[in-house]
Amino acid sequence: EAQVTQNPRYLITVTGKKLTVTCSQNMNHEYMSWYRQDPGLGLRQIYYSMNVEVTDKGDVPEGYKVSRKEKRNFPLILESPSPNQTSLYFCASSLRSNRAPRSYEQYFGPGTRLTVT
Amino acid sequence: AQSVTQPDIHITVSEGASLELRCNYSYGATPYLFWYVQSPGQGLQLLLKYFSGDTLVQGIKGFEAEFKRSQSSFNLRKPSVHWSDAAEYFCAVAPTGTASKLTFGTGTRLQVTL
């Protein structure tokens, strides 16, 4: 089954304790992205990756890191989490943009609810 | 930079009634447009998309949307709402030529009364 998986689904942590949220897709998609969802703000892009070893900042990258060492994985790293990073996080993937228009369809993971106290 | 406005934060409709969710975008050219649905506790699912051509787009679950260039709008419609349609709906826009900059609206929460 084609899917995007995220782990963990729920996480409660304390300020300053480094954490990683994993994201994996099995569709051989080149493009992957991380979003955070906050009430009243919709989804905002944190980072995206056009391919292995190619990453770039989205709209709200502060406090986050990403890496793309393998095509299927795109982990989100919070080196020193703070309470304002409490949010619902989504990973998404799609085919590369220079293919047919269907490549713009992003497939979303189930979300990771993070609470930083 | 592009932006998306969903003016209705919350909408309540009766089951069987028609539905229209509004979406307005701001972009220098014609963007790619999307509607996603998020059921409680779930991720986002694509309902439909517009790239070019016919301005009336059919999607899954009986939804359709109409692109109106003159109004910079991409409103979502359904002729008869079912209780299972209760969810949050997001309009999104991407600049033509790239998948890297998907901008979402703030969402409209749909409540369906029986």
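What you see is a predicted model; the values in this text were computed from it and never measured.

1. Re the pairing of strand β6 (residues 44-50) of chain B
Residue and element names in this part refer to chain B. Counting buried residues in β6 gives five out of seven residues, a clear majority hidden from the surface. Pairing of strand β5 (residues 32-38) with β6, which is carried by six bridges, proceeds in the antiparallel orientation. Each residue of the ladder has a partner; that of Y36, found in β6, is L46. Between the antiparallel neighbours β5 and β6 lie five residues, among them G41 with a positive phi of about 75°.

2. Remarks on the packing of aromatic side chains
Tallied over the full model, the rule gives 16 aromatic pairs over all chains. Here the aromatic rings of B:Y50 and B:F67 are separated by 4.6 Å at their centres, their planes lie at 25°, and the arrangement is stacked. Highlighted residues: B:Y50 in strand β6 and B:F67 in strand β8 (residues 64-68), separated in sequence by 17 residues. Among the residues examined, B:F67 registers a relative accessible area of 3% and is labelled buried. The structure contains a cluster of three or more aromatic residues connected by ring pairs, namely A:Y35, A:F90, A:F108, B:Y32, B:F34, B:Y36, B:F51, B:F90 and B:F104. The ring of A:F74 is capped by A:R68, whose NZ or CZ atom sits 6.0 Å from the centre of that ring.

3. Here we look at the nonpolar core
All names here are of chain B. Counting residues in each nonpolar core, the largest one holds 26 residues, and the members touching the most others are L19, W35, L47, L48, F74, L76 and Y89. Among the secondary structure elements, those contributing two or more residues to this core are β2 (10-14), β3 (19-21), β5, β6, β8, β9 (73-78), β10 (87-94) and β12 (108-113). Not counting the four nearest positions on each side in its chain, L47 is found in contact with W35, Y36, V37, G59, I60, K61, F63, L76 and Y89.

What counts, and at which threshold
- Residues numbered from 1 in each chain as written.
- Chains lettered and ligands numbered in written order.
- Predicted model: local features only at pLDDT ≥ 70, side-chain atom pairs only at ≥ 80, totals over all residues.
- Heavy atoms only, no water.
- Buried < 20%, exposed > 50% of the residue type's maximum accessible area, 1.4 Å probe, protein only.
- Helix = DSSP H or I, 4+ residues; strand = E, 2+ residues; numbered from the N terminus.
- Pairing = 2+ DSSP bridges.
- Phe/Tyr/Trp six-rings, centres within 6.5 Å; stacked < 30°, edge-to-face > 60°.
- Lys NZ or Arg CZ within 6 Å of the ring centre and 35° of its normal.
- Core = buried A, V, L, I, M, F, W, Y, C linked by side-chain atoms within 4.5 Å.
- Contact = heavy atoms within 4.5 Å.

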